[in-house]
Amino acid sequence: NVMLSWQRTAYHFQPEKNWMNDPNGPLFHKGWYHLFYQYNQESAVWGNITWGHAVSRDLIHWLHLPYAMVPDQWYDVNGVWTGSATILPDGRIMMLYTGDTHDVVQVQCLAYPADLSDPLLLKWVKYQNNPVMVPPPGIGHKDFRDPTTAWLSPDGDKWRITIGSKINTTGISLVYETADFFKYELLDGYLHEVPGTGMWECIDFYPISLTESNGLDTSANGQGIKHVMKVSLDDDKNDYYALGTYDPVKNKWTPDDPELDVGIGLRYDYGKYYASKTFYDQNKKRRILWGWIRETDAEALDILKGWASVQSIPRTVVFDQKTGSNILQWPVEEVESLRSDSLEFNAKLEPGSVVPIEVDSGSQLDIVASFELDKETFEVTTEADIGYDCPTSGGAVNRGMLGPFGIVVLADENLLELTPIYFYIAKGPHGKVETHFCADELRSSVAPDVDKIVYGSKVPVLDGENLTIRSLVDHSIVESFAQGGRRVITSRIYPTTAIGGAARVFLFNNATRASVNASIKIWKMSSANIRPFPLDQL
Ligand code: FRU
């Protein structure tokens with residue numbers, strides 16, 4: 001166990017041991033952020049799913065609480081699965097979740113806090129007439145799960161939720177209406193459907209302001225608002241989203257761009273990231289996104305470690321007013337309270353250069369880097385190579401005229417282990433110059449039995465913009481944000497020598513032609529305080 005202990009993260013949320021998956025029912029109540037999560041009390045692999053529970057004042061330091069719900073009723077004895085919270089105008093909290101019944105049918109159940117005046121919401125009551133929804137005719141018993149947060153219907157007197165399912169291989173979202181959270185009516189048609197995308201898990205559906213930087217309550221709609229729809233595709237284990245328009249009268253959401261429809265277009269994260277969920281933080285008037293980062297090593301190693309999975313650093317979500325075609329995700333500002341000892345460095349990176357940066361705590365960093373093509377390089381961008389795609393590129397060793405260049409993190413001194421996060425400029429099929437943002441795990445670890453993938457996608461870059469990366473490095477996780485959060489890549493990696501104080505950072509430019517002016521700022525990140533709540537001191 002000790003052998004693998006350095007892989008534990010220092011400022012990402014994790015239980016003390018065992019398996020965790022999806023974030024559930026995030027909410028803010030009486031001064032505390034609450035996070036619930038899918039948890040196995042017994043081992044480091046999925047099973048016996050229970051709701052773990054933790055609270056935080058600032059989304060960074062966490063206190064573990066007793067389980068909120070355990071699988072103890074006929075309707076959830078095979079698992080208290082994923083769910084979402086709705087805070088009613090009178091302050092009551094309705095928690096809808098999926099129960100996996102004694103005969104393995106997915107049903108929706110209701111729970112609520114026993115005592116709303118308790119800021120810790122320690123005790124949860126399962127509604128006596130559960131389940132409140134069962135699979136409707138035509139829907140498979142194993143294809144009906146993960147209710148969303150509710151929003152108000154157009155008349156304002158009823159609530160609506162959506163639940164993911166599939167018909168053959170078409171992913172669909174069912175919509176139910178309820179006045180009291182006890183009785184539900186299935187509305188006609190689907191909120192949306194996309195052929196070929198398979199089962200939709202963990203749908204998220206929320207409004208986003210086109211003009212303001214604050215988040216919106218889930219019931220907001222009207223002028224200056226679009227709706228984001230997110231689905232987690234069971235078939236390929238990625239979270240896809242699209243921007244679109246919601247018509248509550250027709251009970252339809254329509255994507256802005258059918259070619260970038262949900263499930264076939266944009267992803268929240270081009271690395272390891274799944275089953276995510278947002279909530280409206282009424283405390284700071286923002287929308288916050290949580291996501292599950294799973295392991296990519298062998299199950300036997302997870303059992304040896306005694307734990308599996310972490311949650312991402314929560315991210316604020318806003319509309320990208322500059323491109324108009326994507327959201328921006330950014331680590332919540334509170335994470336910056338962990339920063340100390342900043343260091344700044346500027347360099348002109350000639351083709352083929354690797355420049356070490358002196359850091360003494362390379363496994364816990366917040367890095368902000370900016371790259372600008374040197375003037376004479378800029379003039380030759382039209383001569384860039386044609387065609388690039390991070391996942392099939394072979395990674396940062398492969399040189400082109402205008403890329404790759406970027407940062408290297410979690411590297412050992414001899415560069416035997418290293419994870420490059422970089423840009424690569426190339427011409428697209430129609431001759432247009434495009435920028436790609438990639439994370440290359442191929443040499444991230446000398447360990448044989450872990451996934452090593454080159455992740456990435458094209459990223460929009462507007463005229464006059466520098467290329468920017470922000471990376472949060474935390475031992476075995478790197479969350480990287482390009483262009484202020486237009487694209488995000490989470491890497492789950494398992495270095496064996498680039499660990500603790502031995503982990504290094506480099507700037508690099510492996511292009512054959514481009515000269516790049518780089519500037520980098522690095523902060524050391526303190527560990528977050530994540531421990532059991534001292535309940536005996538209450
Ligand atoms: C997504 C998911 C959900 C389900 C839960 C079970 O990872 O499969 O669809 O509710 O996990 O743990």
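Provided above is the structure to which this section pertains.
All of these numbers come straight from a predicted model, not from anything done at the bench. (Residues numbered from 1 in each chain as written. Predicted model: local features only at pLDDT ≥ 70, side-chain atom pairs only at ≥ 80, totals over all residues. Heavy atoms only, no water.)

What is the right way to look at the site of the ligand in this model?
Around the ligand, the neighbouring residues are Asn21, Asp22, Gln38, Trp46, Trp81, Thr82, Arg145, Asp146, Glu201, Tyr274, Ala275 and Trp292. Contact distances for the ligand include 3.0 Å between an oxygen atom and a side-chain N or O atom of Trp46. One nitrogen or oxygen atom from the side chain of Asp146 is found 2.6 Å from an oxygen atom belonging to the ligand. In the complex, the protein chains occlude 91% of the 320 Å² of accessible area that the ligand would expose alone. Across the shell around the ligand, the residue classes tally to five nonpolar, three polar and four charged. (Near = heavy atom within 4 Å. Polar contact = N/O pair within 3.5 Å; in protein donor to acceptor, adjacent residues only side chain to side chain. Areas by Shrake-Rupley, 256 points an atom, 1.4 Å probe, with all protein chains shown as cover. Nonpolar A, V, L, I, M, F, W, Y, C, P; charged D, E, K, R; others polar.)

Is there a simple way to explain the sheet that holds strand 3 (residues 49-56) in this structure?
Strand pairing within a sheet occurs via backbone hydrogen bonds; the two strands may be parallel or antiparallel. One open sheet holds the six strands; their spatial order is 21-1-2-3-4-37, and the pairing between them is mixed. Here the strands that pair on one side only, and so sit at the sheet edges, are strand 21 (307-308) and strand 37 (530-532). The sheet contact formed by strand 2 (residues 32-40) and strand 3 spans eight bridges and is antiparallel. Note that in strand 3 the partner of Tyr37 across the bridge is Gly52. (Pairing = 2+ DSSP bridges. Helix = DSSP H or I, 4+ residues; strand = E, 2+ residues; numbered from the N terminus.)

Just to check I follow, could you spell out the pattern of salt bridges for this structure?
It is possible for side chains bearing opposite charge to pair when their charged atoms get close. One pass over the structure, following the stated rule, counts 33 salt bridges. Taking the shortest distance from any N to any O, the salt bridge between Glu177 and Arg160 comes out at 3.0 Å. Placement of the pair is Glu177 in strand 11 (residues 170-178) and Arg160 in strand 10 (residues 159-167), with a sequence separation of 17 residues. Summarising the burial analysis for this pair, Glu177 and Arg160 share the class buried. Linking Glu479 and Arg315 is a salt bridge whose minimum nitrogen-to-oxygen distance equals 2.7 Å. (Salt bridge = Lys/Arg side-chain N within 4 Å of Asp/Glu carboxyl O. Buried < 20%, exposed > 50% of the residue type's maximum accessible area, 1.4 Å probe, protein only.)

Any chance you could explain the nonpolar core here in plain terms?
Ranked by internal contacts, the top residues of the largest apolar core, which has 54 residues, are Ile327, Ile367, Phe371, Ile407, Phe423 and Leu507. The dominant element in this core, judged by the number of residues it contributes, is strand 27 (residues 364-373), at five residues. Excluding residues that lie within four positions of it along the chain, Ile327 makes contacts with Tyr206, Ile208, Val228, Tyr241, Leu243, Tyr268, Val317, Val318, Phe319, Asp320, Gly485 and Arg486. Among the nonpolar cores identified, the runner-up in size contains 24 residues, and Leu59, Trp62, Val332 and Ala528 belong to it. (Core = buried A, V, L, I, M, F, W, Y, C linked by side-chain atoms within 4.5 Å. Contact = heavy atoms within 4.5 Å.)

In this structure, what is going on with the packing of aromatic side chains? I would like to understand it.
Any aromatic ring pair is given by two values, namely how distant the centres are and how the planes are angled relative to each other. Taken as a whole, this structure holds 30 aromatic pairs when the rule is applied. Where Trp151 meets Phe205, the ring centres are 5.1 Å apart and the plane angle is 55 degrees; that geometry is what we call tilted. One end of the pair, Trp151, is in strand 9 (residues 151-152); the other, Phe205, is in strand 14 (residues 200-209), and 54 residues separate them in sequence. Ring-pair connections join several aromatic residues into one group, and the members of that group are Phe13, Tyr37, Tyr39, Trp62, Tyr67 and Trp290. A cation over a ring is seen here: Arg8 above Trp307, with NZ or CZ 5.4 Å from the ring centre. Over the ring of Trp32 we find Arg57, and its NZ or CZ is 4.0 Å from the ring centre. (Phe/Tyr/Trp six-rings, centres within 6.5 Å; stacked < 30°, edge-to-face > 60°. Lys NZ or Arg CZ within 6 Å of the ring centre and 35° of its normal.)

Explain the state of the cysteines to me, please; I cannot follow it from the model alone.
By definition, a disulfide is the covalent link that joins the sulfur atoms of two cysteine residues. Within this structure, the stated rule accounts for one disulfide. In this model Cys390 forms its disulfide with Cys438; the gap between the sulfur atoms is 2.2 Å. In this structure the cystine formed by Cys390 and Cys438 twists about its S-S bond by roughly -65 degrees; its chirality is therefore left-handed. With a gap of 48 residues between them, Cys390 in the loop between helix 2 (375-378) and strand 28 (405-411) and Cys438 in strand 30 (residues 433-440) connect regions that are remote in the sequence. Cys109 takes part in no disulfide bond, and the closest cysteine sulfur, belonging to Cys202, lies 15 Å away. Taking relative accessible area as the criterion, Cys109 reaches 0% and is therefore assigned buried. (Disulfide = S-S within 2.5 Å.)

Looking at this structure, I do not really get the sheet that holds strand 31 (residues 454-459). What am I missing?
Judged by pairing direction, the sheet is antiparallel, and its six strands sit side by side in the order 26-35-28-29-30-31 without closing on themselves. Two strands bound the open sheet, and with one partner strand each, they are strand 26 (353-357) and strand 31. Sheet twist, expressed as the average angle between the axes of neighbouring strands with direction ignored, equals 20 degrees. The pairing of strand 30 with strand 31 spans six bridges and is classified as antiparallel. What sits directly across from Asp440, in strand 31, is Val454. (Axes fitted to C-alpha atoms, helices over the stretch in contact; angles between N-to-C directions.)

Explain unusual backbone geometry here, please?
Only a minority of non-glycine residues have a phi that is not negative, and only a minority of peptide bonds are not trans. Put simply, Asn130 and Pro131 share a cis peptide bond, and its omega is 0 degrees. Of note, Pro131 is situated in the loop between strand 8 (124-126) and strand 9. For the peptide bond that leads from Gly403 to Pro404, omega is 5 degrees, which places it in the cis range. If you trace the backbone, Pro404 turns up in the loop between helix 2 and strand 28.

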